[in-house]
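Residues per chain are reported as follows:
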Amino acid sequence: MSTPLRLAGVVRESIVDGPGIRMSVFVQGCPHHCKGCHNVHTWDPSGGYDGTVERILEEASKDPLVCGLTLTGGEPFEQAEALSVLAQRARAMGLNIFCYTGYTFEQLYAAFDTHPEYRALLMQCDWLVDGPFVESEMSLMLHFRGSRNQRILDVPASLKEGRAVLSELN
């Protein structure tokens, strides 16, 4: 049985969406509508195209240079259930998981009771870039993030401590 995703696109080899050579999965649909967003085409949840977890994993398995999967968008947590399946299976293949979100870790953590799929996805992530893109905080000097308000979090440590823990990648 295939697990559907609504996609804006997939970049098979990226060096700007997390550490190492990564496959970046751009999901379709975003409620944040950040001013200055460079992925405006991903906002409409009915845009993009249909894809599957299985197809993404098949493509990732063909590239021995890829060390990780990046979940970006759009807003990955709008498709958290399907992406948690993708991330779990990618981890089983030996890939690490880097995820972007316009939500803060604190917002996601507070919603665990009403959105258990948020916890399921976060449990599969190694790193999380959290917070909305803020155009007035934009900096081209930041690694793997667009604005100074965004943080790169160590997700396993953050979940263990119940608070945002910065990653060494900051």
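Everything that follows concerns the structure shown earlier in this document.
Residues numbered from 1 in each chain as written. Predicted model: local features only at pLDDT ≥ 70, side-chain atom pairs only at ≥ 80, totals over all residues. Heavy atoms only, no water.

Draft legend 1. Quick peek at the overall build of the protein. Along the protein, the regular secondary structure elements total five helices and seven strands. The order of helices and strands in the protein, counted from the N terminus, is β-β-β-α-β-α-β-α-α-β-β-α. For the protein, whose C-alpha radius of gyration is 15 Å, the value lies close to the compact-globule estimate of 15 Å for 170 residues. C-alpha atoms of the protein, sized along the principal axes, occupy 40 × 35 × 35 Å. Out of the 170 residues in the protein, the part that is buried amounts to 49%. Pairs at least 24 apart in sequence give 66% of the contacts found in the protein among residues at least 6 apart. Accessible area for the protein stands at about 8500 Å²; split by element, carbon and sulfur atoms hold 56% of it. (Helix = DSSP H or I, 4+ residues; strand = E, 2+ residues; numbered from the N terminus. Rg over C-alpha atoms; globule rule 2.2 N^0.38 Å. Buried < 20%, exposed > 50% of the residue type's maximum accessible area, 1.4 Å probe, protein only. Contact = heavy atoms within 4.5 Å. Areas by Shrake-Rupley, 256 points an atom, 1.4 Å probe, with all protein chains shown as cover.)

Draft legend 2. Layout of the packing of aromatic side chains. Tallied over the entire structure, the rule returns seven aromatic pairs. Put simply, the rings of Phe 98, Tyr 100, Trp 127 and Phe 144 touch in pairs and so form one group of aromatic residues. (Phe/Tyr/Trp six-rings, centres within 6.5 Å; stacked < 30°, edge-to-face > 60°.)

Draft legend 3. Spotlight on helix H1 (residues 53-61). Buried within H1 we find Val 53, Ile 56, Leu 57, Glu 59 and Ala 60. Projected onto a plane normal to the axis of H1, the buried residues spread over an arc of 160 degrees and lie on a single side. (Arc of directions from axis to C-beta.)

Draft legend 4. Here's a closer look at the pattern of salt bridges. Within this structure, the stated rule accounts for 13 salt bridges. The shortest N-O distance in the salt bridge between Arg 151 and Asp 130 comes to 2.5 Å. Taken as a pair, Arg 151 in strand S7 (residues 151-154) and Asp 130 in strand S6 (residues 127-130) lie far apart in primary sequence, 21 residues in all. Linked through salt bridges whose partners overlap, the residues forming this network are Arg 12, Arg 55, Glu 58, Glu 59 and Lys 62. (Salt bridge = Lys/Arg side-chain N within 4 Å of Asp/Glu carboxyl O.)

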